[in-house]
Every structure is written in C-alpha cells, then in structure tokens.
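# Residue-level structure breakdown
Here is how the chains run, residue by residue.
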Amino acid sequence: MPGFVLLMRPRDDGDATMRIGFTVTKKIGNAVVRNRMKRRLRALARELLPESGVAGADHVLIGRNGGVERDYALLRTELGKAFRKVTPQAADTPEGKVATPANTTTPAKAGAQVGKRP
C-alpha cells in the first residue's frame with residue numbers, strides 16, 4: 001500500500017495553474033507525525049508537480065499510515081507512478097478523441113484517482 005493517495009480533478013475554468021493540497025488525518029499520529037508527513041509530501045510535490053502535474057487541475061495528496069517511515073526515494077517513485085496514471089495520455093481513443101480524465105473509462109489505481117467535478 002502506498003504512503004499516500006493522489007486525487008486529481010480538472011477545474012475546467014480556463015486557468016492552466018496547477019494547485020495542490022495536502023491532508024493527513026489524526027489517525028496517522030500526533031501533530032508532530034502529521035506535520036512531518038505533510039513536509040515530506042510538500043517536498044515531493046515541489047520536485048514532481050511542475051513536470052508531472054496536470055495543467056489546470058487541482059491535486060490533493062492524502063497521507064496514509066506508514067508514509068512517514070517509508071523511504072523518501074520510494075515515496076518519490078510512487079508519486080511519479082501516480083502522476084503518470086492521472087496524466088491525460090496523447091493516444092487516441094476508439095471514438096477518435098484524445099484521452100482526457102473526463103473521457104477515460106477506468107480510474108487510475110494504486111493511490112491515484114481521477115474524476116470530474118459533479
């Protein structure tokens with residue numbers, strides 16, 4: 001199980017700015033542990049979001065149990081994989097459309113979720 005979950009939603013407001021949010025629940029530990037997890041998630045996002053994030057989308061990283069003890073390099077690899085799963089692919093779909101989070105048929109798995117706002 002990854003040390004976090006990545007959620008991504010396109011804003012569809014015409015603004016290409018990537019935004020990110022972090023959350024770690026009290027189930028993870030006390031304030032010291034939660035803040036350490038958020039610091040690790042911020043550092044990961046600073047490294048990977050500019051080149052791997054989706055333009056015009058909101059990204060949320062949710063810290064999970066074991067994320068604080070997990071090796072930073074492993075977390076970085078997992079986040080890179082999660083970003084690849086939520087990033088729209090340039091390949092054509094059967095309908096001739098470019099695959100985007102709005103018209104993909106299966107949500108990303110293993111710690112990454114894609115969806116359209118209700």
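## Quick word on the packing of helix H1 (residues 31-52) against helix H2 (residues 72-86)
The geometry of H1 relative to H2 is characterised by a closest axis approach of 10 Å and an angle of 40° between their N-to-C directions. Considered as vectors, H1 and H2 are oriented oblique to each other. In the packing of H1 onto H2, the handedness of the crossing is right-handed. Only Tyr72, Leu75, Arg76, Leu79, Gly80 and Phe83 of H2 make contact with H1, whose side of the interface consists of Arg40, Ala43, Leu44, Ala45, Glu47, Leu48, Leu49 and Ser52. The residue makeup of the contact of H1 with H2, split by class, is nine nonpolar, two polar and three charged.

## What about H2?
Residue pairs spaced three or four apart in an α-helix point in one direction, given the helix's 3.6 residues per turn. With 15 residues, H2 should reach 21 Å at 1.5 Å per residue; the first-to-last C-alpha distance of 21 Å fits that figure. Of all the residues in H2, the buried ones are Leu75, Glu78, Leu79, Gly80, Ala82, Phe83 and Val86.

## What about H1?
With 22 residues, H1 should cover 32 Å at 1.5 Å per step; its first-to-last C-alpha distance of 30 Å lies within 8% of that length. Of all the bends in H1, the greatest, near 35°, is centred on Arg46, and the proline Pro50 appears no more than four residues after it. The complete set of buried residues in H1 reads Arg34, Met37, Arg40, Leu41, Leu44, Ala45, Leu48 and Leu49. Those residues of H1 hidden inside the fold are in contact with strand S1 (4-10), strand S2 (19-23), strand S3 (57-63) and H2.

## Some words on a positive patch on the surface
On the surface, Arg36, Arg39, Arg42 and Arg46 cluster together into a patch of positive charge. As for its placement among the helices and strands, Arg36 is situated in helix H1.

## Some details on the pairing of S1
With five of seven residues buried, S1 lies mostly within the body of the structure. Bridging between S1 and S3 involves seven bridges; their strand directions are antiparallel. Pairing of Pro10 across the sheet is with Ala57, part of S3.

## Focus: the side chain of Arg11
Topologically, Arg11 is positioned in the loop between S1 and S2. The class of Arg11 is buried, set by a relative accessible area of 8%. Among the polar contacts made by the side chain of Arg11, one reaches the main-chain carbonyl oxygen of Asp15 at a distance of 3.3 Å. Polar contacts involving the side chain of Arg11 include one to the side chain of Asp58, which spans 3.0 Å.

Analysis parameters
- Residues numbered from 1 in each chain as written.
- Predicted model: local features only at pLDDT ≥ 70, side-chain atom pairs only at ≥ 80, totals over all residues.
- Heavy atoms only, no water.
- Axes fitted to C-alpha atoms, helices over the stretch in contact; angles between N-to-C directions.
- Helix = DSSP H or I, 4+ residues; strand = E, 2+ residues; numbered from the N terminus.
- Parallel < 35°, antiparallel > 145°, perpendicular 65-115°, else oblique.
- Left-handed = near helix turned anticlockwise from the far one by under 90°.
- Contact = heavy atoms within 4.5 Å.
- Nonpolar A, V, L, I, M, F, W, Y, C, P; charged D, E, K, R; others polar.
- Expected span 1.5 Å × (residues − 1).
- Buried < 20%, exposed > 50% of the residue type's maximum accessible area, 1.4 Å probe, protein only.
- Bend = angle between axes of the 7 residues up to and from the residue.
- Patch = residues over 30% accessible without salt bridge, like charges linked within 9 Å, V, L, I, M, F, W, Y side chains within 5 Å.
- Areas by Shrake-Rupley, 256 points an atom, 1.4 Å probe, with all protein chains shown as cover.
- Salt bridge = Lys/Arg side-chain N within 4 Å of Asp/Glu carboxyl O.
- Lys, Arg positive; Asp, Glu negative; His and termini not counted.
- Charge placed at Lys NZ, Arg CZ, Asp CG, Glu CD.
- Pairing = 2+ DSSP bridges.
- Polar contact = N/O pair within 3.5 Å; in protein donor to acceptor, adjacent residues only side chain to side chain.

Bear in mind that shape data such as this cannot, by itself, settle questions of function.
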